[in-house]
Amino acid sequence: MASALTASFVGARVNARSASGRVARRAVVTQAADAKWLPGAIAPKHLDGKLAGDFGFDPLGLGVDPERLKWYAEAEKTNGRWAMAAVAGILFTELLGKGKWFEAGAQEYWMPNAPLLAIEFVIMGFLELKRLQGFNETGTSGFLNAFPFDPAGMNSPDMATKEVKNGRLAMTAFVGFAVQALLTRQGPIEALQSHLSSPFENNFVGSILNLPNVIGQ
């Protein structure tokens, strides 16, 4: 009889722990779903969490118009993709010793810059026109006549959110690279090495104080 009571008591404790664990997990999931860009912030009514990367951030009310909101989301995604490609390219070329990224436009390539730019404008204009037409017809991102464009079969809500997050991070990084280049005339890796060699001298404040010397370069 005593052993039966003990087993019942232990079983009840295990079930209680399992139930509390499930409740805790549900609470974590709920908190993650309700996450906002600022703890305690109230999301605008037009941001209902359906868009990838929606954390209730729209202080200027730019997305009040539903149609404009869709286009802004598409524009952010496109700029994020370009930023990710740019950041990766800047780091990769500097690691290979190909020169500073902000001086690349002044170099000569396999053909003169003027016709090269003309070709790029035509190609990019065509691709952007196809992207706009496809987006207006399907409401999704794509490439040429493929909407959505997903050759690797990775299209999912989770991956869409990750892409937006990485795109935002890359856009912030690129702005940092640009400001860094203006202040120090250095690429990101060179600036990092300079900072690590003398962190109290080569930092944001020190770069601003040294700006008059950099302007003359």
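These notes cover the structure that comes with them. (Residues numbered from 1 in each chain as written. Predicted model: local features only at pLDDT ≥ 70, side-chain atom pairs only at ≥ 80, totals over all residues. Heavy atoms only, no water.)

Right, let's get into the overall build of the protein. Assigned secondary structure in the protein consists of 7 helices and 0 strands. Written out in order from the N terminus, the α and β elements of the protein read α-α-α-α-α-α-α. In the protein, which comprises 217 residues, the proportion classed as buried is 18%. Roughly 15600 Å² of accessible area belongs to the protein as shown, and the carbon and sulfur atoms make up 66% of that amount. (Helix = DSSP H or I, 4+ residues; strand = E, 2+ residues; numbered from the N terminus. Buried < 20%, exposed > 50% of the residue type's maximum accessible area, 1.4 Å probe, protein only. Areas by Shrake-Rupley, 256 points an atom, 1.4 Å probe, with all protein chains shown as cover.)

Turning to the pattern of salt bridges, a few remarks are in order. Taken as a whole and judged by the stated rule, the model has 7 salt bridges. With a closest N to O distance of 3.0 Å, Glu74 and Arg131 form a salt bridge. Placement of Glu74 in helix α2 (residues 66-95) and of Arg131 in helix α3 (residues 113-138) is noted, with a sequence separation of 57 residues between them. Arg131 gets classed as buried once you look at its relative accessible area, which sits at 14%. Counted as one network, the salt bridges with shared partners bring together Glu74, Glu128 and Arg131. (Salt bridge = Lys/Arg side-chain N within 4 Å of Asp/Glu carboxyl O.)

A separate point is the environment of Glu76. Mapped onto the fold, Glu76 is located in helix α2. Here the alpha-carbon distance between Glu76 and Gly167, two residues 91 residues apart in the chain, equals 8.1 Å. When neighbours within four sequence positions are excluded, Glu76 is seen to be in contact with Val164, Arg168 and Met171. (Contact = heavy atoms within 4.5 Å.)

Here α3 spans 37 Å end to end across 26 residues, near enough to the 38 Å set by a 1.5 Å rise per residue. In this structure, the buried side of α3 is in contact with α2. Following α3 by one or two positions, Gly139 adopts a phi angle in the positive range, close to 75°. (Expected span 1.5 Å × (residues − 1).)

Within the largest apolar cluster, 5 residues are counted, these being Ala83, Val87, Ile90, Ala170 and Phe177. Listing elements by their share of this core, those giving two or more residues are α2 and α4 (157-184). If one sorts the elements of this core by residue count, α2 sits on top with 3 residues. Other than its neighbours up to four places away in sequence, Ile90 contacts Trp101, Phe174, Phe177 and Pro188. (Core = buried A, V, L, I, M, F, W, Y, C linked by side-chain atoms within 4.5 Å.)

So, about the layout of surface pockets. What the second largest pocket holds in volume is close to 390 Å³. Taken together, 18 residues make up the lining of the second largest pocket; nearest its centre are Thr184, Gln186, Asn202, Asn203 and Ser207. Secondary structure elements with two or more residues in the lining of the second largest pocket: α4, α5 (188-197) and α6 (204-209). In terms of residue count, α5 provides more of the lining of the second largest pocket than any other element does, 5 residues in total. For the lining of the second largest pocket, the residue count by class is 7 nonpolar, 10 polar and 1 charged. (1 Å grid on protein atoms, 1.4 Å probe; cavity = no way out; pocket = protein on both sides within 12 Å on 5 of 7 lines; lining within 4 Å. Points joined across faces, edges and corners; volume = space filled by probe spheres on them. Nonpolar A, V, L, I, M, F, W, Y, C, P; charged D, E, K, R; others polar.)

Our next topic: the packing of α2 against α3. It is the contact of α2 with α3, at a shortest axis distance of 12 Å, that shows an interaxial angle of 145°. Here α2 and α3 pass one another in a crossing that is right-handed. Facing Lys70, Trp71, Glu74, Thr78 and Trp82 of α2, the residues of α3 in contact are Met124, Arg131, Leu132 and Phe135. Within the contact of α2 with α3, the residues separate by chemical class into 5 nonpolar, 1 polar and 3 charged. (Axes fitted to C-alpha atoms, helices over the stretch in contact; angles between N-to-C directions. Left-handed = near helix turned anticlockwise from the far one by under 90°.)

Turning our eyes to something else, we now look at the side chain of Gln186. With respect to the helices, strands and loops of the structure, Gln186 is situated in the loop between α4 and α5. Once residues lying within four places of it in the same chain are set aside, the contact partners of Gln186 are Phe102, Gln180, Ala181, Ala191 and Ser194.

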